[in-house]
Amino acid sequence: MSEANFLRSLMEMDCDAITVNQVKIIRGFLKNLNTTFDEMQAISKAGSGMLKFVEAVMGYCDVAREIKPKREKVAKLERNFYQSKRELEKIQAELTAIQNELKALSDKYEAAMREKQQLQEEAEIMERRLIAADKLISGLGSENIRWTNDLEELKQRRVKLLGDCLLCAAFLSYEGAFSWDFRNEMVYEQWQKDVLNRGIPLSQPFRVESLLTDDVEISRWVSEGLPPDELSVQNGILTTRASRFPLCIDPQQQALNWIKKKEEKHNLKVSSFNDPDFLKQLEMAIKYGFPFLFQDVDEYIDPVIDNVLEKNIKGAQGRQCIILGDKEVDYDPNFKLYLNTKLANPKYSPSVFGKAMVINYTVTLKGLEDQLLSVIVGFERKELEEQRELLIQETSKNKKLLKDLEDSLLRELATSTGNMLDNVELVHTLEETKSKATEVSEKLKLAEKTAVDIDKLRDGYRPAAKRGAILFFVLAEMALVNSMYQYSLASFLEVFDFSLRKSLPDSILHKRLKNIMDTLTHNMYNYGCTGLFEKHKLLFSFNMTIKLEQAEGRVPQEELDFFLKGNISLEKSKRKKPWPWLNDQSWEDIIRLAGLFSDTFGSLPDDIEKHEKEWKQWYDLDAPEQNPFPLIYKENLNSFQKLLLLRCFRVDRVYRAVTDYVTITMGEKYVQPPVISFEAIFEQSTPNSPIVFILSPGSDPASDLIKLAERSGFGGNRIKFLAMGQGQEKVALQLLETAVARGQWLMLQNCHLLVKWLKDLEKALERISKPHPDFRLWLTTDPIKDFPIGILQKSLKVVTEPPNGLKLNMRATYFKISNDSLGQCLHPVFKSLVYVLAFVHAVVQERRKYGKIGWNVPYDFNESDFQVCLEILNTYLTKAYKQNDTRIPWGSLKYLIGEVMYGGRAIDSFDRRILTTYMDEYFGDFIFDAFQPFHFFKNEEVDYKIPGSGAKDVYVDEIESLPLANTPEVFGLHPNAEIGYYTQAARDMWKLLIELQPQTGETGSRISREDFIGQVAKDIQNKLPKVFDLDIIRKNLGHEISPTTVVLLQELERFNKLIARMSRSLAELQRALSGEVGMSSELDDVARALFNGQIPNIWRKLAPDTLKSLGNWMIHFKRRFDQYTSWVEEGEPNVLWLSGLHIPESYLTALVQATCRKNGWPLDRSTLYTQVTRYQTPEEVNERPGQGCFVCGLYLEGADWDIEKCCLVRSKPKVLVVELPVLKVIPIESHRLKLQNTFRTPVYTTSMRRNAMGVGLVFEADLFTTKHISHWVLQGVCLTLNSD
């Protein structure tokens, strides 16, 4: 303990090194020590410390003993731990390496899986796309070729669009107003050729329809009621595509019905310019974008709508407006305007063509044929037509579907974004489209095949449809003859249906067709004739025959042209006529006939020259047309060529020959018009269509209608009459309203007196939707130009005419005289005088038939005249009977009947002279002379006399014994009057038929119409003289000018005007034909006249009246110029050709004036008288007479002149007009003029004599006669300044 490092040694003592033995020893020591700590402390602090330390060490040793194995274990374990830790670290390092490797592999795996997934997905997409591509390829594969071709085509078309658009734009701009043939020629021949010649690219074959519309649209139009023919399709295009609003010329109302149906769903408004509130309606339509239709437009278009027509729209896109009347109206771009007219050939001013798109909707022959075919097949083979209609609808629907599908497909393809193959919808659409398209295509193919089969079956019925179409056009053309002859397609279709029902059935098709055609033709003839004047019925039959013959390829147009016009060339033939009995025009016609048809008639002039006897014999026959023709012409000619030959020789027999021609070609029933029976008219009538009686002079259907009403149970209160006149308009409309509601008959008489109001009537009729089934409207009217077409087209037209022929006329008169009225007067001569009066009544009416040789003015002598005269007879004779006066008051009767009742109608003094003569011839005591029985007329065959007194039946039997046809001699006329009548009838018929001929196309000699007109115009222009220089002429005449020279100067002034007008119009016409200036309506009239060999109206107005053809008029014109020239250069001619003066009466007045000056007579007491000289020709006269003058160029009509006896004699047979020898006109003082045995003969300008206005009379000549004057009065003798 005393050791210095003791404490340190204790502190550093290795307690663990103490062994168990040492512990045991120590324990022993301690045990022995046997002391406590405290005891020790008390002893020695160091010792206690030491003890504490030993005990602590011992405690430690105890613990260490326990701990040591543990420690060892720990150490061992620690060693193990470290070893393990090292191993662990090693393993961990290995693990990390493995893990890294694993991660790399797992990444690789994942990448591989991803790639696999991607590939799988891609594979699926590819598979899907493959399927889609497959579908697309298979789907569009069929389209591929088409689209490739289309693409190629479109590339080419893109180039060719230039020409296509040019032609289509021209089509839309200019073609509307023309007919189908003209459009075709213009577009497909003229323009197309021109465009190709200029090297402008153009699609081939070019069709307007292919660019401007498509099948689907056309099908839609057809289903809306537009006819399917090419013209209608073109019109549909023009109506819908043109930049201007359409104005449809639509006589058959097809456009109207189509537009109404087409725009129905768009809220169409319909109005007309006659509606008081049309502006208000139009304003609404413009504002709200509704379509608006003006129907029944006539030639006047209210200028208030000009802004709308011209589309003068103001304002920007936001708000557009238009000026309508005096206010601004908002303009909706959807607004459409349509105008529609029923007029078949309206004359619009160029400004209308500029503002509106004038479209010609007039039905064509082909178009109508197709429509009628549907009607026939619908009637004959209903199932076939229904199948066809269904097929058309289906085809239309399918085409539309196909187009919609194609459009939707192309739209999908075009709007598809990204990869097309992933567009499931597209593929789906395609699949659907394809299956549908295939189905539809199959259907369409089937439909096409079925359509061909159906068409083949339908075509079997086409001949009947064609016949129907031709007949409709014949009927519709009649409107050119008289504006009252208007027929609508609807009314024609009713007759067509009726004919189908009435024709005999037959199982053999061609027999059934024949039955249909025969029935239809005859029904059409009857239907047409009911509404035609007698004078137009043969024209109707002949035109129908010609049209049907031409459809069969007979009667070439050149032959027909010659028949209608004869020789119209301006040059006269070089070859002189061989025989004097041939007239000049006949010879010209013969030469022309031989030149035109040399195969048949080439040797005709030579035959006539060599065989005069045969030709003269045939020529002199009464009815050459019914006898064999001379020489080879017996057998060589067909029935139409016989007409051509007859035309050259005997114009007066042409009318009869035409009747025979129709009879041979069509059958006798086509020259026997149906007798008008009021029962039949009533049977045909319906509440919706008025019955229009077209009146002719001397007819009044009112009394017949009253009788019909009584027979049909409509007498008394159920029939109302109203005579129209000023102030009756409202009354008429009120009566109409009542009649429609109560089922009465209403007759409005003389509607022509209120033409303007008829438009209101038309409106009122249109508004009637459900009339009482008994209601009928009867209208009577004179034929007038402005009668509303709407009423005429839907009405049943009936022409009422007095009976034709003396017998029928008297029969009708006696039919209306009751037994009571004959028994009223007890005077013994009353019944005989009634018969005389009936005879006079028939004579004055029948005389009208002979035209101007009968009456100058065709008077309206009618039943009422007769009834009043009957009353006059009754009154005067009853008075005489009661007063036991044996004398009959002839003077009073003749004055009241001849001068007042019948004479009161006669406004012409020469006509009054005829009436007075009849009174003198038929009224007087001589008619009851027993010794010298009275005859109205008597010859070998017939005796017109007064029967013995008795009951009504005695007189009726006498009338029945008379012949049906009577000679003109019964009326005091010459038999030649009949020739004149028939010649005029033939000329009138030709004139009207020329109007009905197509005014286009080729002329006989195969040159175009324009070239022909140009040639004629040039010919005339070359023949025109220079105008007279009036200043120089006046200067040469000096100051002393006689009255006749004043006339010359006035004549020259007028002649200069004519030359200037002719020259100007011919020059303008030639420029218009070559396209340098527009063709005005005036020039068009000139062109038409030159084409038809007539004198243009604008020349006619400046020339003296004439009936000559153009060629003859030019000769007349040249002769007038020669007379004027010789008068100017050589002084007043010895013999004046009076016809050469424009106003011949002025020369005669001047002649009297000059004589009065010379002799100092008062002018107002001087006059003229005439003497016929023995000079045959003007050349025989060498000097002027001392008093008055010589005139030549007068023609005597109705009589002949005996040169030896210098007096009037009866006409020679077949010689209607003779030239009078030179006439001497002598001025004289009135009081010195005492003429005996002379006939005061009127001198007229032409054979048209004097008209109702008193125009045409030049002066009165005095002709010597040995017969009683009444003979010449009744023969209608006159002089004319011109031969026709």
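Residues numbered from 1 in each chain as written. Predicted model: local features only at pLDDT ≥ 70, side-chain atom pairs only at ≥ 80, totals over all residues. Heavy atoms only, no water.

Caption draft 1: Structural detail: the overall build of the protein chain. Broken down by element type, the protein chain carries 47 helices and 26 strands. In terms of C-alpha radius of gyration, the protein chain reaches 56 Å, well past the compact-globule figure of 33 Å for 1284 residues. Its C-alpha atoms give the protein chain principal-axis dimensions of about 230 × 80 × 65 Å. Of all 1284 residues assigned to the protein chain, the portion counted as buried reaches 46%. Look at the contacts in the protein chain between residues 6 or more apart in sequence, and 74% of them connect residues 24 or more apart. For the protein chain, the accessible surface area stands at approximately 65,700 Å², while carbon and sulfur atoms represent 53% of it. (Helix = DSSP H or I, 4+ residues; strand = E, 2+ residues; numbered from the N terminus. Rg over C-alpha atoms; globule rule 2.2 N^0.38 Å. Buried < 20%, exposed > 50% of the residue type's maximum accessible area, 1.4 Å probe, protein only. Contact = heavy atoms within 4.5 Å. Areas by Shrake-Rupley, 256 points an atom, 1.4 Å probe, with all protein chains shown as cover.)

Caption draft 2: A look at the packing of helix α40 (residues 1009-1023) against helix α43 (residues 1081-1091). Here α40 crosses α43 at 90°, and the two axes come no closer than 9 Å. Compared by their axis directions, α40 and α43 come out roughly perpendicular. When α40 is examined against α43, the residues Arg1009, Phe1012, Ile1013, Val1016, Ala1017 and Ile1020 are found in contact with a partner set consisting of Ala1087, Arg1088, Leu1090 and Phe1091. Residue classes in the contact of α40 with α43 are distributed as eight nonpolar, no polar and two charged. (Axes fitted to C-alpha atoms, helices over the stretch in contact; angles between N-to-C directions. Parallel < 35°, antiparallel > 145°, perpendicular 65-115°, else oblique. Nonpolar A, V, L, I, M, F, W, Y, C, P; charged D, E, K, R; others polar.)

Caption draft 3: Layout of the sheet that holds strand β5 (residues 321-324). One open sheet holds the three strands; their spatial order is β4-β5-β6, and the pairing between them is antiparallel. Each edge of the open sheet is held by one strand with a lone partner, namely β4 (313-314) and β6 (327-330). Across two bridges, β4 lies against β5 in antiparallel orientation. Within the sheet, the bridge partner assigned to Lys314 lies in β5 and is Cys321. Along the sheet face, helix α10 (residues 278-288) touches β5 and β6 and points at about 40° away from the line of β6. (Pairing = 2+ DSSP bridges.)

Caption draft 4: Region of interest: the packing of aromatic side chains. Taken as a whole, this structure holds 69 aromatic pairs when the rule is applied. An angle of 80° between the planes, with centres 5.1 Å apart, marks the rings of Phe934 and Phe936 as edge-to-face. In this structure an aromatic cluster arises from ring pairing among Phe839, Tyr918, Tyr922, Phe926, Phe934, Phe936, Phe937 and Tyr944. Lying across the ring of Trp258, Lys262 places its NZ or CZ 5.4 Å from the centre. Between Lys269 and the ring centre of Phe290, over which it is positioned, the NZ or CZ distance is 4.9 Å. (Phe/Tyr/Trp six-rings, centres within 6.5 Å; stacked < 30°, edge-to-face > 60°. Lys NZ or Arg CZ within 6 Å of the ring centre and 35° of its normal.)

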